[in-house]
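Architecture at a glance
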Amino acid sequence: MALLTGATGLPSPAFADHGGGGVTPDGIDQYFASAYLTANGVTAYNWGRSELARSALNVYSGSGDVLVRDWASQVHQNDFGWTECTDMTTYNACDKFDTVFNNLLMDSRSVNNWRSLGCHELGHGGNLDHRYASTDSDDNSCMRNEIWPLSLDTHDINEINADWSVPHAIQPGCLNNAC
């Protein structure tokens, strides 16, 4: 699993600080579309969306913000999937994300591995970075990239929700009104 747009932060005592290592979406309303998904890709897509819907983000079907697809990639041959921002706003928020599940590596994986991948890659679009044993001591965050938990944990949800705890009335895409 890879994120092409972030850096790892240090943990906070209150919740896992993902360091904003994902990319900030440009608004709390996120529209998801899929293209060319296999049956397992559809499972990952639906699972990841349902996990994000547990946060403050409003998750809708429709084109515009996030495009999710399967692809047998030799370029990213060591990545199970990846998420990247393909269109940044002038406020350093992401207007469009592209999320890809790599069929070359995922083909023989279990349905639960696909669910974990969907949660992980769509979590990057919620501004979450990777987590490690040092920031996920109970091994239950799908943002880990060396194990396969199924869900965003409380720390992950708190991190997303903290990003949207202050109304974004000044400029779209500003986290806590800081651009």
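What comes next is a walk through the structure. Just so it is clear, the structure is predicted and the values come from calculations on it, not from any experiment.

Here is what the cut-offs are and how they apply
Residues numbered from 1 in each chain as written. Predicted model: local features only at pLDDT ≥ 70, side-chain atom pairs only at ≥ 80, totals over all residues. Heavy atoms only, no water. Helix = DSSP H or I, 4+ residues; strand = E, 2+ residues; numbered from the N terminus. Buried < 20%, exposed > 50% of the residue type's maximum accessible area, 1.4 Å probe, protein only. Contact = heavy atoms within 4.5 Å. Areas by Shrake-Rupley, 256 points an atom, 1.4 Å probe, with all protein chains shown as cover. Disulfide = S-S within 2.5 Å. Core = buried A, V, L, I, M, F, W, Y, C linked by side-chain atoms within 4.5 Å. Phe/Tyr/Trp six-rings, centres within 6.5 Å; stacked < 30°, edge-to-face > 60°. Arc of directions from axis to C-beta. Polar contact = N/O pair within 3.5 Å; in protein donor to acceptor, adjacent residues only side chain to side chain. Salt bridge = Lys/Arg side-chain N within 4 Å of Asp/Glu carboxyl O.

1. Quick notes on the overall build of the protein
Check the secondary structure of the protein and you find 4 helices and 6 strands. Written out in order from the N terminus, the α and β elements of the protein read β-β-α-β-β-β-β-α-α-α. Burial status across the protein gives 47% buried among its 179 residues. Sequence-distant contacts in the protein: of pairs separated by 6 or more residues, those separated by 24 or more amount to 67%. About 8000 Å² of surface is accessible on the protein, with carbon and sulfur atoms providing 51% of the total.

2. Some remarks on the state of the cysteines
A full pass over the atoms with the stated rule returns 2 disulfides. Here Cys85 engages in a disulfide with Cys94; their sulfurs sit 2.3 Å apart. The sign of the S-S torsion, about 105 degrees, decides the handedness of the disulfide formed by Cys85 and Cys94: right-handed. Of the residues examined, Cys94 reaches a relative accessible area of 1% and is grouped as buried. The partner cysteine of Cys119 in its disulfide is Cys142, sulfur to sulfur 2.0 Å. The S-S bond linking Cys119 to Cys142 shows a torsion near -65 degrees; that makes this disulfide left-handed. In this pair, Cys119 is assigned in helix H3 (residues 111–124) and Cys142 in the loop between H3 and helix H4 (154–163), connecting sequence segments 23 residues apart. Taken individually, Cys119 and Cys142 each receive the classification buried, so the pair is uniform in this respect.

3. Some thoughts on the nonpolar core
General note: in soluble globular proteins, nonpolar side chains tend to be found buried as a group. The biggest cluster of nonpolar side chains holds 27 residues, and the ones touching the most others in it are Phe32, Leu52, Val68, Phe101, Leu152 and Ile160. Of all the elements in the fold, those that place two or more residues in this core are helix H1 (39–52), strand S4 (66–71), strand S6 (94–102), H3 and H4. Counting residues per element, this core draws most heavily on H3, at 4 residues.

4. A look at the packing of aromatic side chains
The description of an aromatic ring pair rests on the distance of the ring centres and on the angle between the ring planes. One pass over the structure, following the stated rule, counts 4 aromatic pairs. Arranged with centres 5.0 Å apart and planes meeting at 75 degrees, the rings of Phe80 and Trp148 form a pair that is edge-to-face. One end of the pair, Phe80, is in the loop between S4 and strand S5 (81–88); the other, Trp148, is in the loop between H3 and H4, with 68 residues separating them in the sequence. The buried category is assigned to Phe80, whose relative accessible area is 18%. On the basis of relative accessibility, which here comes to 24%, the residue Trp148 falls in the partly exposed class. Considering the side-chain rings of Phe101 and Trp114, the 6.2 Å spacing of their centres and the 85 degrees angle between planes classify their relative orientation as edge-to-face. Of this pair, Phe101 sits in strand S6 while Trp114 sits in helix H3, and the two are 13 residues apart along the sequence. The class for Phe101 is buried, based on a relative accessible area of 0%. Residue classification places Trp114 among the buried residues on the basis of a relative accessible area of 1%.

5. Digging into H4
Inspection of H4 places Asp156, Ile157, Glu159, Ile160 and Asp163 among the buried residues, and these make up the whole buried set. The arc that holds every buried residue of H4, seen down its axis, measures 160 degrees, which confines them to one face. On its buried face, H4 sits against H1. In this structure Asp153 caps H4, since a side-chain oxygen of it lies 3.0 Å from the backbone nitrogen of His155.

6. Some thoughts on the pattern of salt bridges
Evaluated as defined, the whole model comprises 9 salt bridges. Note that Arg69 and Asp98 form a salt bridge whose closest N and O atoms lie 2.9 Å from each other. Of this pair, Arg69 sits in strand S4 while Asp98 sits in strand S6, and the two are 29 residues apart along the sequence. By relative accessible area, Asp98 is classed as buried at 11%. Here Asp153 and Arg131 are joined by a salt bridge, their closest N and O atoms 2.8 Å apart. Here Arg131 lies in the loop between H3 and H4 and Asp153 lies in the loop between H3 and H4, a separation of 22 residues in the sequence. Taking relative accessible area as the criterion, Asp153 reaches 5% and is therefore assigned buried. Look at the salt bridges and you will find they share partners, linking Arg131, Asp136, Asp139, Arg144, Glu146, Asp153 and Asp156 into a network.

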